[in-house]
Amino acid sequence: MEILHINPEGVSPFAVTDPMPASGMLWIDCVRGGDQEWPQLLRDLTGTVIHERHLHDSLNTTHASFYDYTHDYDMLVFRGIAAGGLEPALQTRPVAFFITERVLVTVQSGESRSIAMVRERLARRPSRQLTEPRALLHFIMNTMVDRVLSLREALLEQMDRHTAELLGGEKREDEWHALLNYRRQLRLLEILCEEQEGAILAWRDDNGEELSDTLRVRFTDLLEHVRRMSKFTQQQQHELDSLLQLHFSMVSHRTNAIVRTLTLLSAIFMPLSLIAGIYGMNFEHMPELHSHYGYFITIGGMAVLALMLLALFRLKRWW
């Protein structure tokens, strides 16, 4: 557990035994399942009692983004991208926020890149705009959403690679598995954005009267970023569907071209096979069999017939 005292003058560590500071706010950052004493610390500092159900929700690693509240605090669960990003597959983890008047508590996995980035920024250059827990809440959530937005470039690279593979020729089984995994990642991102948008909207609408104009604009901008990512995932899914349709159309076109070629060849050789079958019959009286030039005339006639059929197919543009 790490506790920071944030005020317009700067950011400083806060000891567990220190009393509640007269000014500024506190940020209590806890590791899920590791720091068990933070509810009692929050109660000692502010008198706020965390509901047992909310404590269980903060420990649930599969909890979707959602918002709930009591008279003493707000609880917001916000899922973000795990440290690995898209490698080897998309993974998300929740961060639970408990917002009181002067204290913000975050419960995270201990590997949250967004939380670490916020700490680094505060240590490097404290923001004078972090005057209340809601402002810090926006700062952290905005960092989490920015990490989601940063996946667009990697997703576009994957789409370009899949496009080259689909339009390049026959696919191996592992390549089709990669394509299905890409579709699954897009769907998971779309669900993530929908959950994020719902949680932010519920919290903002419930706290709209208490938010300053600046924070209201910032949370509206945060919603716009989430919707932008949601729209991007939908566009990528539509593009992937169009790409698959184009691929199967190309496969169908190649198949039709092969079948057409085989059909035309069959059409050419069918009359030749008929002629060969007629002269292969074992009748005793077949005058052409005793002709000195019968073989050459028959072969020549068959060649002329084949050339005439080929010319007809070319004229009709069937081949």
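Figured I'd write up the structure that's included with this text. Values in this document were obtained by computation on a predicted structure and should not be read as measured data. (Residues numbered from 1 in each chain as written. Predicted model: local features only at pLDDT ≥ 70, side-chain atom pairs only at ≥ 80, totals over all residues. Heavy atoms only, no water.)

Things to note about the overall build of the chain
As a reminder, the rule being used: Starting at the N terminus, helices and strands are each numbered in turn, a helix being any DSSP run of H or I of at least four residues and a strand any DSSP run of E of at least two. The atom set for the radius of gyration is the C-alpha atoms, and the globule formula is 2.2 Å times the number of residues raised to the power 0.38. Throughout, exposure labels follow a simple rule: accessible area from a 1.4 Å probe, protein chains only, divided by the maximum for the residue type, with under 20% read as buried, over 50% as exposed, and the rest as partly exposed. For every accessible area listed, the method is Shrake-Rupley and the probe measures 1.4 Å; residues are considered covered only by the protein chains on display. Positive residues here are Lys and Arg, negative ones are Asp and Glu, while His and the chain termini are left out of the count. For this purpose, a charge sits on NZ of Lys, CZ of Arg, CG of Asp or CD of Glu.
Looking only at helices and strands, the chain features eight helices and seven strands. Over its C-alpha atoms the chain spans a radius of gyration of 36 Å, topping by over 25% the 20 Å that the globule rule assigns to 319 residues. Along the first, second and third principal axes, the C-alpha set of the chain runs to 125 × 35 × 35 Å. For the chain, with 319 residues in total, the buried portion stands at 41%. Element-wise, carbon and sulfur atoms account for 56% of the exposed surface of the chain, whose accessible area totals about 18300 Å². Taking the average place of the 32 positive charges on the side chains of the chain and the average place of its 41 negative ones, the gap between the two points comes to 7 Å.

Considering the sheet that holds strand S4 (residues 66-69)
Worth spelling out the cut-off: Think of it this way: DSSP has to see at least two bridges between two strands before they count as a pair. Whenever a helix is involved, its axis is fitted only over the stretch in contact; in every case the axis is a line through C-alpha atoms, and angles between N-to-C directions fall within 0 to 180 degrees.
Pairing is mixed across the open sheet formed by seven strands, whose spatial order is S2-S1-S3-S7-S6-S5-S4. Of all the strands in the sheet, the pair left with one neighbour each is strand S2 (10-13) and S4. Averaged over all adjacent pairs, the angle separating strand axes in this sheet is 20°, with direction ignored. Relative to strand S6 (residues 92-99), strand S5 (residues 74-81) is paired through eight bridges, and the arrangement is antiparallel. Following the sheet pairing, Met75 is matched in S6 by Phe98.

Description of the layout of surface pockets
Put simply, the rule reads: Think of a 1 Å grid over just the protein atoms. A cavity is a set of points where a 1.4 Å probe fits yet cannot get out, a pocket is an open set with protein on both sides within 12 Å along at least five of seven lines, and lining residues have an atom within 4 Å of a point. Grid points are joined across faces, edges and corners, and a volume is the space filled by probe spheres set on the points. Polar here means any residue outside two lists: the nonpolar Ala, Val, Leu, Ile, Met, Phe, Trp, Tyr, Cys and Pro, and the charged Asp, Glu, Lys and Arg; Gly therefore counts as polar.
The calculated volume of the largest pocket comes to roughly 390 Å³. Surrounding the largest pocket, 17 residues form its lining, His71, Asp72, Tyr73, Arg134 and Glu210 being those nearest its centre. Split into classes, the residues belonging to the lining of the largest pocket amount to four nonpolar, six polar and seven charged.

Focus on the side chain of His138
Basically, it comes down to this: Residue contacts follow a heavy-atom distance rule, with two residues in contact if any of their heavy atoms lie within 4.5 Å.
Of note, His138 is situated in helix H4 (residues 133-149). Setting aside residues no more than four positions away along its own chain, His138 makes contact with Arg218, Phe219 and Leu222.

Regarding the packing of aromatic side chains
We apply this condition: Any pair of Phe, Tyr and Trp rings, taking the six-membered ring for Trp, is counted once the centres come within 6.5 Å. Such a pair is stacked with planes under 30 degrees apart, edge-to-face with planes over 60 apart, and tilted for the rest.
Considering all chains together, one arrives at six aromatic pairs under this definition. Ring centres of Tyr67 and Tyr69 lie 6.0 Å apart, and the angle between their planes is 20°; on these two criteria the pair is classed as stacked. Here Tyr67 falls in the buried class, since its relative accessible area comes to 14%. Given a relative accessible area of 48%, Tyr69 falls into the partly exposed group.

Quick word on a negative patch on the surface
The line we're drawing: The patches reported here contain residues having more than 30% relative accessible area and no salt bridge. Joining distances are 9 Å for like charges and 5 Å for nonpolar side chains (Val, Leu, Ile, Met, Phe, Trp, Tyr). For this document, the term salt bridge refers to a Lys or Arg side-chain nitrogen within 4 Å of an Asp or Glu carboxyl oxygen.
On the surface, a cluster of negative charge is made up of Glu153, Glu157, Asp160 and Glu239. By residue number, the principal contributor to the negative patch is helix H5 (residues 151-166), which donates three residues. Within the fold, Glu239 resides in helix H7 (residues 213-278). For Glu239, a relative accessible area of 39% gives the class partly exposed.

Thoughts on the environment of Phe98
If you trace the backbone, Phe98 turns up in strand S6. Sequence separation of Phe98 and Ile140 is 42 residues, and the distance between their C-alpha atoms is 13 Å. Setting aside chain neighbours within four positions, we find Phe98 in contact with Trp38, Ile50, His54, Ser58, Tyr73, Asp74, Met75, Val103, Leu104, Val105 and Val107.

Considerations on the nonpolar core
The criterion, for reference: Here, the term nonpolar core denotes a set of buried Ala, Val, Leu, Ile, Met, Phe, Trp, Tyr and Cys residues that are joined through side-chain atoms within 4.5 Å.
Core analysis: the largest hydrophobic core is formed by 52 residues, its most contacted members being Phe97 and Leu136. Apart from residues no more than four positions distant in its own chain, Leu136 is found in contact with Ile6, Met25, Trp27, Leu104, Val118, Leu122 and Leu130. Leu41, Val103, Val105 and Val107 belong to the second-largest nonpolar core, a separate cluster that totals 19 residues.

Comments concerning empty space enclosed by the protein
Under the criterion given, the structure shown has two cavities of 30 Å³ or more. Approximately 120 Å³ is the volume found for the largest cavity. In this structure, the largest cavity is lined by 15 residues; those nearest its centre are Ile81, Ala82, Arg93, Val95 and Ser112. Looking at the lining of the largest cavity, the element that brings in the most residues is S6, giving three residues.

Focus on the pairing of strand S7 (residues 103-108)
Most of S7 sits inside the fold, with six of its six residues counted as buried. Of the two faces of S7, the one lined by Val103, Val105 and Val107 and the one lined by Leu104, Thr106 and Gln108 are each fully buried. Here S6 runs beside S7; their pairing, made up of four bridges, is antiparallel. By the bridge assignment, Ile99 is partnered in S7 with Leu104. Here S6 hands over to S7 after three residues, the two strands then running antiparallel side by side.

A word on H5
Along an α-helix, residues three or four positions apart point the same way, because every turn accommodates 3.6 residues. Just so we agree on the cut-off: Helix span is expected to be 1.5 Å times the residue number reduced by one. Picture the helix axis, draw a direction to every C-beta atom, and the arc is the one those directions span.
The first and last C-alpha atoms of H5 sit 22 Å apart over 16 residues, in line with the 22 Å expected at 1.5 Å per residue. Residues of H5 that are buried include every one of Leu151, Leu155, Gln158, Met159, His162 and Leu166, and no others. Projected down its long axis, H5 carries its buried residues within an arc of 105°, all on one side. In H5, those exposed residues whose orientation departs by more than 90 degrees from the buried face are Glu153, Asp160 and Ala164.

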